[in-house]
Amino acid sequence: MRGITFAIAFILTVCVVIGGVALYPNILGQAAASNNDFVFGFFLGPFFVLLSFAWIGEKIVLKIRKKKF
């Protein structure tokens with residue numbers, strides 16, 4: 001896995017978490033403020049999902065680029 005894949009997944013996850021807390025402050029904001037374990041899980045879940053999709057996408061792009069050259 002390349003570093004750019006990891007960085008993109010991390011940045012997208014941060015955007016999703018911040019956007020979720022901003023859009024639903026009554027639900028996610030209170031849970032994020034009172035329980036740090038919930039925040040950690042709320043971050044790790046989407047991060048690993050996005051990281052796996054980014055890794056699969058990276059493999060597909062590298063195979064397509066290798067076939068063209």
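A quick note: this is a predicted structure, and the numbers were derived from the prediction, not measured.

Asks: Sorry, what's going on with the confidence of the model for the protein chain here?
Replies: Atomic detail in the predicted coordinates should be set aside for any region of low pLDDT. Averaged over every residue, the pLDDT of the protein chain is 81; residues scoring 70 or more account for 83%. Between the elements of the protein chain, mean pLDDT differs from a low of 69, seen in helix α2 (residues 25-34), to a high of 85, seen in helix α1 (residues 3-23).

Asks: Help me understand the side chain of Thr13 in this model?
Replies: Mapped onto the fold, Thr13 is located in helix α1. Polar contacts involving the side chain of Thr13 include one to the main-chain carbonyl oxygen of Ala9, which spans 2.7 Å. Sequence-distant contacts of Thr13, that is, excluding residues within four places in its chain, are made with Phe43, Pro46, Phe47 and Leu50.

Asks: Whenever I open this one, the packing of aromatic side chains confuses me. Can you help?
Replies: How two aromatic rings sit relative to each other is set out by the distance from centre to centre and by the angle between their planes. As enumerated under the stated definition, the model contains three aromatic pairs in all. Taken together, a centroid distance of 5.4 Å and an interplanar angle of 85° make the contact between Phe6 and Phe47 edge-to-face. Here Phe6, found in helix α1, pairs with Phe47, found in helix α3 (residues 36-68); they are 41 residues apart in sequence, far enough to count as distant. Residues Phe10 and Phe47 carry aromatic rings whose centres are separated by 6.3 Å and whose planes lie at 80° to one another, so their mutual orientation is edge-to-face.

Calculation criteria
- Counting starts from 1 at the beginning of each chain's written sequence and moves along it residue by residue.
- Whole-chain, interface and lining totals are the exception, using all residues; otherwise, since this is a predicted model, local features are given only for residues with pLDDT of at least 70 and side-chain atom pairs are given and counted only at 80 or more.
- The side-chain figures draw on all heavy atoms in the structure; neither hydrogens nor water molecules are used.
- Residue-level confidence of the predictor is what pLDDT reports, using numbers from 0 through 100.
- Under the scheme used here, helices are H or I runs from DSSP no shorter than 4 residues and strands are E runs no shorter than 2 residues, and both carry numbers assigned from the N terminus.
- Identification of polar contacts relies on pairs of N or O atoms within 3.5 Å, with a donor-acceptor requirement for protein atoms, meaning one able to donate a hydrogen and the other able to accept it, and with residues adjacent in sequence counted only if both atoms are side-chain atoms.
- Any two residues having at least one pair of non-hydrogen atoms within 4.5 Å are treated as being in contact.
- Centres within 6.5 Å are what make two rings of Phe, Tyr or Trp a pair, Trp counting through its six-membered ring; a difference in plane orientation under 30 degrees is then read as stacked, over 60 as edge-to-face, and the rest as tilted.

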